Amino acid sequence: MDKSVQHSIRIRAKPSAVWAALLDPTKIARWTGGAHVESTWHRGGAISFTGTLHGQPYQDRGTVLACEAERLLRYNHWSALSRLPDSEDTRTLITLTLQPDGDETDLEVCHDNLASYAAFGHARFFWRTALQDLKRNSASRLHSAVYGWSVRDRRGNCVRPA
C-alpha cells in the first residue's frame, strides 16, 4: 500500500512569513504540537524531530531533499512509530509548496509513501490540524503589523481591540 495525503490552505501572510513558520524551530513547535526540530535546511542536511506523543518520547529523523526559499521544501521522514526499519524505502516524503498571491500565500502539502492505513490516517489528521495552526500563527503577524490587531477571539483569529 502506498497512500498519499494532500492538503492546501490559503494564509493571509506573505510567503516570507509562511517560510519562517516552516523553518524556525520556535515557530515550528507552534504548529506541530510542540515538536523540537533541528536542521540546517540545506539540501542533503539531516533533520531531527523530538518530542512527546501521547506521553511517549519520540525521536524521528529525515533528510532535506530540496529547499528553495519561500517556494519549496521537500524532505523525507522516518518515525519509529511506523515500526519499520529506517531506510530510503520506508521513509515518507513530505513536500511543501508555497505560491504567492498578493499579500497571501497558498500552501500545499503532499505527504507520500505512507505504508499503512494507520500512517495514512495519522498523516491526514496531522496535516489538517497542523496547517490550521500554521495559518493562525502566520496570519496573525500580518494582521498585527498591517492593521494593528493584537487581540484574538476563541478561534485564534485576530480581531480589533474594543
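Bear in mind the structure is a predicted one, so any value in this text is a computation, not a measurement. (Residues numbered from 1 in each chain as written. Predicted model: local features only at pLDDT ≥ 70, side-chain atom pairs only at ≥ 80, totals over all residues. Heavy atoms only, no water.)

### Thoughts on the confidence of the model for the protein chain
Moving on, step 1. Predicted confidence across the protein chain gives a mean pLDDT of 86, with 85% of residues reaching 70 or more.
Moving on, step 2. Note that residues 156-162 has pLDDT below 50 and, in this model, 18 contacts with residues that lie over four places away or in other chains. (pLDDT = per-residue confidence, 0-100. Contact = heavy atoms within 4.5 Å.)

### Description of the packing of aromatic side chains
Moving on, step 1. Applying the stated rule across the entire model yields 3 aromatic pairs.
Moving on, step 2. Between F126 and W127, the aromatic rings sit 4.9 Å apart at their centres with planes inclined by 80°, giving edge-to-face as the arrangement.
Moving on, step 3. Linked through ring pairs, W31, F126 and W127 together constitute an aromatic cluster.
Moving on, step 4. A cation over an aromatic ring shows up here: K3 above the ring of F120, its NZ or CZ 5.4 Å from the ring centre. (Phe/Tyr/Trp six-rings, centres within 6.5 Å; stacked < 30°, edge-to-face > 60°. Lys NZ or Arg CZ within 6 Å of the ring centre and 35° of its normal.)

### Concerning unusual backbone geometry
Moving on, step 1. The phi dihedral of W41 is positive, around 60°, even though this residue is not glycine.
Moving on, step 2. With a phi angle near 60°, R83 is a residue other than glycine that sits in the positive phi range.
Moving on, step 3. Mapped onto the secondary structure, R83 falls in the loop between β5 (72-78) and β6 (92-101).
Moving on, step 4. Of the residues examined, R83 reaches a relative accessible area of 78% and is grouped as exposed. (Helix = DSSP H or I, 4+ residues; strand = E, 2+ residues; numbered from the N terminus. Buried < 20%, exposed > 50% of the residue type's maximum accessible area, 1.4 Å probe, protein only.)

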